[in-house]
Amino acid sequence: MTELTQLQHRDSLLKRLARVEGQVRGIQAMIKRGDECESIAQQFSAARKALDKAYQEMLICLAEEAILTPDHSNQEKLAQVRAIFTKYT
């Protein structure tokens, strides 16, 4: 992965996490106000999905790093990708 691509990926991930952070703060405010449980649950669901998407992007980054490592055989790369998915999913 090029340095520019890494920076773009990092910036994208940080922006996504900032949105999730805002969603969580919004949920906290809803709870403090005593909003209806269904509305709060809907926002929880949206925040979970957004966090899951950020997590998926991080897993893709880990897999790309494993695959693009030039000094490993294809078998070693495959084993590393399997280990990543076994450990983190």
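Anything mentioned here points back to the structure above.
Residues numbered from 1 in each chain as written. Predicted model: local features only at pLDDT ≥ 70, side-chain atom pairs only at ≥ 80, totals over all residues. Heavy atoms only, no water.

S.K.: Give a detailed account of the overall build of the chain, specifying residues and quantitative values.
M.R.: Within the chain one finds 3 helices and 0 strands. Ordered by position in the sequence, the α and β elements of the chain form the string α-α-α. A principal-axis box enclosing the C-alpha atoms of the chain has dimensions of 55 × 30 × 15 Å. Taken across its 89 residues, the chain has 20% of its residues classed as buried. A separation threshold of at least 6 residues defines the contact pool for the chain, and within that pool the share at least 24 residues apart is 57%. (Helix = DSSP H or I, 4+ residues; strand = E, 2+ residues; numbered from the N terminus. Buried < 20%, exposed > 50% of the residue type's maximum accessible area, 1.4 Å probe, protein only. Contact = heavy atoms within 4.5 Å.)

S.K.: Can you tell me about helix H2 (residues 37-67), naming the residues and giving the values?
M.R.: Here H2 spans 44 Å end to end across 31 residues, near enough to the 45 Å set by a 1.5 Å rise per residue. Inspection of H2 places Ile40, Ala47, Ala50, Ala54, Glu57, Leu59, Cys61, Ala63 and Ala66 among the buried residues, and these make up the whole buried set. (Expected span 1.5 Å × (residues − 1).)

S.K.: Can you lay out helix H3 (residues 74-88) for me, pointing to particular residues and giving the numbers?
M.R.: Quick reminder: α-helices carry 3.6 residues per turn. Residues three or four places apart thus point the same way. Its 15 residues place the ends of H3 21 Å apart at the C-alpha level, agreeing with the 21 Å of an ideal helix rising 1.5 Å per residue. Here H3 has its buried residues at Lys77, Val81 and Ile84. Looking straight down H3, one finds its buried side chains confined to an arc of 55 degrees; they lie on one side. In H3, those exposed residues whose orientation departs by more than 90 degrees from the buried face are Gln75, Arg82, Thr86 and Lys87. The inward-facing, buried residues of H3 abut H2. (Arc of directions from axis to C-beta.)

S.K.: Kindly report on the side chain of Thr69, identifying the contributing residues and their values.
M.R.: With respect to the helices and strands, Thr69 occurs in the loop between H2 and H3. In terms of polar contacts, Thr69 uses its side chain to reach the backbone carbonyl oxygen of Glu65, at 2.6 Å. (Polar contact = N/O pair within 3.5 Å; in protein donor to acceptor, adjacent residues only side chain to side chain.)

S.K.: Break down the pattern of salt bridges for me, with residues and values.
M.R.: Evaluated as defined, the whole model comprises 3 salt bridges. The salt bridge involving Glu21 is made with Arg25; its shortest N-O contact spans 3.0 Å. Linking Glu21 with Arg25, this pair stays in helix H1 (residues 3-33), spanning 4 residues, or about one helical turn. Overall, the relative accessible area of 40% leaves Glu21 in the partly exposed class. Where Arg33 meets Asp35, a salt bridge forms, and the shortest distance between an N and an O atom there is 2.7 Å. Since its relative accessible area comes to 25%, Asp35 is described here as partly exposed. (Salt bridge = Lys/Arg side-chain N within 4 Å of Asp/Glu carboxyl O.)

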